[in-house]
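# Reading the structure
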Amino acid sequence: MEKLPSRRDIIDRKKVTSLIEEISSIHAPNSMDFRNAILKLLKETLTTGQEEIKRRFMENNKGRPTMHAGSYLIDQIIRIIYDIATVKVFPLSNPTPEEKLSLLAVGGYGRGELAPHSDLDLLFLFPYKQTAWCEQVIEFCLYMLWDLGLKVGHATRTPTECIRLAKSDITIQTALLEARYLWGDQELSLELRDRFEKEVVSGNGKQF
C-alpha cells in the first residue's frame, strides 16, 4: 500500500483507543452498555474517516489513493475491534497453544485496495481447531462490522485447510495469493504464507 499523507486525519487510532479506555472505565466490557457505546464511537470514527476520504477525492479526483485510503481506514477499525474483543471482552490470562487467532485480508482487500461500498473479504486463521474463545472473538468482530453497516465475506480455517482447499479451488487459491496480514497472531499468518508458497505456488505458475 502506498504511503498516505496525514493518516491521522482519516483515523487517529491512538485517540480512539483512549476513548475506548474511558468507556471501559464507565461500563463493564461484557455489558450491552459497553457494546453500544463502542459501536457509537466506531460509527462516528468510520463516518469521519469516510468524509475525509471523500473530501480528498473531490479535491484531487484520483481513484487509487482513494482506494488505499479506504483500505487503511477499515484496517484500523478492524484492528481496534479485534483488540476490544481480545483485551477487553474475552481476555485470556493463560492461553493454550490452540487459542491463537490471526486475521487476514484476502482478495481485492488483501491488495490494500477498497472501493466505496465494496465487500470486505476476511480470513480468520486458527492453528488446529476452532476453540470456544476463537469462536467468541470471531463472532464479536463480525457482528461489530455488520452493525457498522459493512458488507463482510469471511472464512474460518486452519492453515492446513487453506492449503487443501487452495489446491482444489482456483477461487480460493487466487484469494490466498493476495492475502495480507491484518492483526492477531503473526506467526500463524507467516506459517500460511510460507506453506502456500511451497505447497501451492511453487512449480504451479504455468498451470495457474
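To start, this report covers the structure provided alongside it. (Residues numbered from 1 in each chain as written. Predicted model: local features only at pLDDT ≥ 70, side-chain atom pairs only at ≥ 80, totals over all residues. Heavy atoms only, no water.)

Overall, the coordinates contain 14 salt bridges when judged by the stated rule. Salt-bridge contacts for R111 lead to E178; the nearest nitrogen and oxygen are separated by 2.8 Å. With R111 in the loop between α5 (107-110) and β2 (120-125) and E178 in the loop between α8 (170-177) and β4 (180-184), this pair connects stretches of sequence that are 67 residues apart. One continuous salt-bridge network, built from bridges that share partners, spans E52, R55, R56 and E59. (Salt bridge = Lys/Arg side-chain N within 4 Å of Asp/Glu carboxyl O. Helix = DSSP H or I, 4+ residues; strand = E, 2+ residues; numbered from the N terminus.)

This part takes up the packing of aromatic side chains. Under the counting rule described, the total for this entry stands at two aromatic pairs. Aromatic pair F90 and F140: ring centres 6.4 Å apart, planes at 85°, arrangement edge-to-face. Taken as a pair, F90 in the loop between α4 (63-89) and β1 (102-105) and F140 in helix α6 (residues 132-147) lie far apart in primary sequence, 50 residues in all. Pairing Y143 with W146 gives two aromatic rings, centres 5.3 Å apart and planes at 90°, and the pair type is edge-to-face. With Y143 and W146 both in helix α6, this residue pair falls three residues apart, about one helical turn. Taking the ring centre of Y109 as reference, the NZ or CZ of R180 above it sits at 5.3 Å. (Phe/Tyr/Trp six-rings, centres within 6.5 Å; stacked < 30°, edge-to-face > 60°. Lys NZ or Arg CZ within 6 Å of the ring centre and 35° of its normal.)

Further remarks concern the sheet that holds β4. Here four strands make up an open sheet; going across it, the order is β3-β2-β1-β4 and the pairing mixed. Every other strand in the sheet has two partners, leaving β3 (152-157) and β4 as the edge strands with one partner each. Neighbouring strand axes in the sheet, compared pairwise and without regard to direction, differ in orientation by 25° on average. Where β1 lies against β2, four bridges are found, and the strand directions are antiparallel. In the sheet register, A105 faces β2, and the bridge partner there is L122. Where α4 meets the sheet, it contacts β1, β2 and β4, and its direction lies at approximately 30° from that of β4. (Pairing = 2+ DSSP bridges. Axes fitted to C-alpha atoms, helices over the stretch in contact; angles between N-to-C directions. Contact = heavy atoms within 4.5 Å.)

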